[in-house]
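# Commentary on secondary and tertiary structure
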Amino acid sequence: MRASVMANIQKAAFSSSARQLKHINSVTVIGAGLMGSGIVQVAAQSNYNVTMVDTSDAALKNGQSIIAKSIKRVAKKKFGEENTSEQQAFIDKAMSNITVSTDAPTAVSATDLVVEAIVENIDTKQALFKALDQAAPSDTIFASNTSSLPVTLIAETTSADRQSRFAGLHFFNPVPAMKLVEIVRTDVLKDEVYESLVTFSRNTGKTPVECKDTPGFIVNRLLVPYMMEAFRILDRGDAKAKDIDVAMKLGAGMPMGPLELADFVGLDTMKFIIDGWAKEGKIEEALVTPSKTLDDLVGQGKLGRKSGAGVYEYSK
Ligand code: 3HC
């Protein structure tokens, strides 16, 4: 085949895939908790039009107040302590990119990307996405910020076409500070949808990594067994909590020790992940063995920082 013909074929193929690449302008984030509000914030700071959705005005107010505090830290860091007018202009611009709503179907009716960050319950997530699938345009990309549920299973209640536009988009806490996003690629995800999510992640200042739809993806698959092993040291009485944390901070350069981090992530979340993996049966038994210390703390309602007590006590 002549070189010019070949070049034309390649050009045509490229322009057809470029046509399919979804340009994301507007984003709807469902869930105004710590993760949801963090995702709203980083998208708004990066000039996306963002709608933050939750079921009550109180939840939305809470999300707005998390953003207001965090964005001040970001602005100070970006412009320096003394440049208060630049800080304020940055904050005002980002905040003006955010609208709030308690009406999810209307919010997604003209949006390019939906990111869900609600409770880690498969039935709740599936019901939500089933409803959103009817309300959103056919080319809207759906993503879940799930940390522990299979993305393929969450997507099951949507149409086959939507499933090919449905990925995991896993951010890390605190979202404005952590630079990683895991993009979870299911077996049916279209390449161009994956590419759109790569572009979106980069535009929000994050570094995306690609992973398959397997338990824990990359980070939690490594991090959760490590934190569980710290609880098992406590179970056996081999070391005290403070010493375990100091050891990993000073001996392994971790920003937080494993038990501090577990309190930060939430002990209920830790237990939910480990119990879910044990039930799924896809991970070696030794890694999903429960910890009595963790189970007792969760049983007492000591869920970590958010509840005022976990492995450690936190003054209000
Ligand atoms: N909003 C905006 N910026 C924030 C922030 C927030 N909520 N929290 C921290 N930052 C920024 C600060 O501005 C600061 O920036 P600078 O160093 O460039 O000035 C930087 O982050 C460090 O913050 P601090 O100095 O206040 O405090 P530390 O140095 O103690 O860092 C930390 C805090 C970033 C939370 C650090 O301790 C850390 O990295 N901890 C580990 C967190 C981690 O592993 N997260 C992942 C958990 S797993 C997960 O989320 C997955 C889920 O599915 C379970």
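Now for a quick tour of the structure. (Residues numbered from 1 in each chain as written. Predicted model: local features only at pLDDT ≥ 70, side-chain atom pairs only at ≥ 80, totals over all residues. Heavy atoms only, no water.)

### Observations regarding the pairing of strand β2 (residues 49-53)
Let me state the cut-off plainly: Exposure classes here rest on a 1.4 Å probe applied to the protein chains alone. A residue is buried below 20% of its type maximum, exposed above 50%, and partly exposed in between. Starting at the N terminus, helices and strands are each numbered in turn, a helix being any DSSP run of H or I of at least four residues and a strand any DSSP run of E of at least two. If the strands point away from the viewer and the path from the first strand over the helix to the second runs clockwise, then the crossover is right-handed. Strands pair, by our definition, only if DSSP identifies at least two bridges between them.
Buried residues dominate β2, accounting for 4 of its 5 residues. Crossover handedness for the path strand β1 (residues 26-30) to helix α2 (residues 34-45) to β2: right-handed. Note: β2 against strand β3 (residues 98-101), 4 bridges, orientation parallel. The partner of V50 across the bridge, within β3, is I98.

### What to know about helix α10 (residues 219-236)
Formally: Expected helix span is computed as 1.5 Å times (number of residues minus one). By definition in these notes, contact holds between two residues if any of their heavy atoms fall within 4.5 Å.
Its 18 residues give α10 an end-to-end C-alpha distance of 26 Å, which sits within 8% of 26 Å, the value for a rise of 1.5 Å per residue. Listed in full, the buried residues belonging to α10 are N220, V224, P225, M227, M228, A230, F231 and R232. As for α10, its buried residues are in contact with β6 (166-170), α11 (241-252), α12 (258-265), α13 (267-280) and α14 (292-299). G237 sits one or two positions beyond α10 and adopts a positive phi of about 70°.

### Side note on the site of the ligand
To keep things clear, this is the line we draw: A cutoff of 4 Å decides nearness: a residue is near a molecule or strand if any of its heavy atoms lies inside that distance of it. Polar contact is the term for a pair of N or O atoms within 3.5 Å; when the atoms are in protein, one must be able to donate a hydrogen and the other to accept it, and sequence-neighboring residues count only if both atoms are side-chain atoms. Using a 1.4 Å probe, accessible areas were evaluated by the Shrake-Rupley method; residue-level cover was limited to the displayed protein chains. Note on residue classes: Ala, Val, Leu, Ile, Met, Phe, Trp, Tyr, Cys and Pro are nonpolar, Asp, Glu, Lys and Arg are charged, and everything else, Gly too, is polar.
What surrounds the ligand is a group of 18 residues, the closest being S70, R73, K77, H170 and N173. Within the side chain of S70, a nitrogen or oxygen atom sits 2.6 Å from a nitrogen atom of the ligand. Note that a nitrogen atom of the ligand is positioned 2.8 Å from one of the backbone N or O atoms of N173. Here the ligand, which alone exposes 1000 Å², has 64% of that area covered by the protein. Breaking the shell around the ligand down by element, the ones donating at least two residues are α3 (57-79), α10 and α12. For the shell around the ligand, the element with the highest residue contribution is α3, accounting for 4 residues. When the residues that make up the shell around the ligand are grouped by side-chain class, the tally is 11 nonpolar, 5 polar and 2 charged.

### So, the packing of α13 against α14
This is how it is decided: Between N-to-C directions, angles cover 0 to 180 degrees, with each direction set by a line fitted to C-alpha atoms, over the stretch in contact for helices. Roughly parallel refers to an angle under 35 degrees, roughly antiparallel to one over 145, roughly perpendicular to one between 65 and 115, and oblique to any angle outside these ranges. In this scheme, a crossing is called left-handed if the near helix is turned counterclockwise away from the far one by less than a right angle; it is called right-handed if the turn is clockwise.
It is the contact of α13 with α14, at a shortest axis distance of 9 Å, that shows an interaxial angle of 125°. Between α13 and α14, the crossing angle belongs to the class labelled oblique. Both α13 and α14 take part in a crossing whose hand is left-handed. From α13, L267, D268, M270 and K271 reach across to α14, where they touch L294, D295, L297 and V298. Partitioned by chemical class, the residues of the contact of α13 with α14 number 5 nonpolar, no polar and 3 charged.

### Focus: the nonpolar core
Quick reminder of the rule: Residues enter a nonpolar core if they are buried and are Ala, Val, Leu, Ile, Met, Phe, Trp, Tyr or Cys, with the set joined through side-chain atoms within 4.5 Å.
Core analysis: the biggest nonpolar cluster contains 32 residues, and V27, V50, L113, L169, F171, L197 and F200 have the highest contact counts within it. For F171, the residues in contact, after removing those within four places along its chain, are M35, I39, V42, N145, L180, V181, F200 and K206. One finds I244, L267, L294 and Y312 within the second-largest nonpolar core, a separate group that totals 22 residues.

### Topic: the side chain of D54
Rule in force here: Charge assignment: positive for Lys and Arg, negative for Asp and Glu; neither His nor the chain ends contribute. In what follows, salt bridge is the name for a side-chain nitrogen of Lys or Arg lying within 4 Å of a carboxyl oxygen of Asp or Glu.
Relative to the assigned elements, D54 resides in the loop between β2 and α3. Buried charge D54 goes without a salt bridge, the closest partner of opposite sign being K125 at 12 Å. Polar side-chain contacts of D54 include one of 2.8 Å to the backbone nitrogen of A32. A polar contact of 3.3 Å, which involves the side chain of D54, links it to the side chain of T55. Apart from the residues lying within four places of it in its own chain, the contact partners of D54 are G31, A32, G33, A59, L60, S101 and T102.

### Considerations on the packing of α10 against α14
Contact geometry for α10 and α14: axes closest at 7 Å, N-to-C directions at 95°. By the angle between their directions, the pair α10 and α14 is classed as roughly perpendicular. Of the residues in α14, those in contact with M228, F231, L234 and D235 of α10 are K292, T293, L294 and L297. Considered class by class, the residues forming the contact of α10 with α14 number 5 nonpolar, 1 polar and 2 charged.

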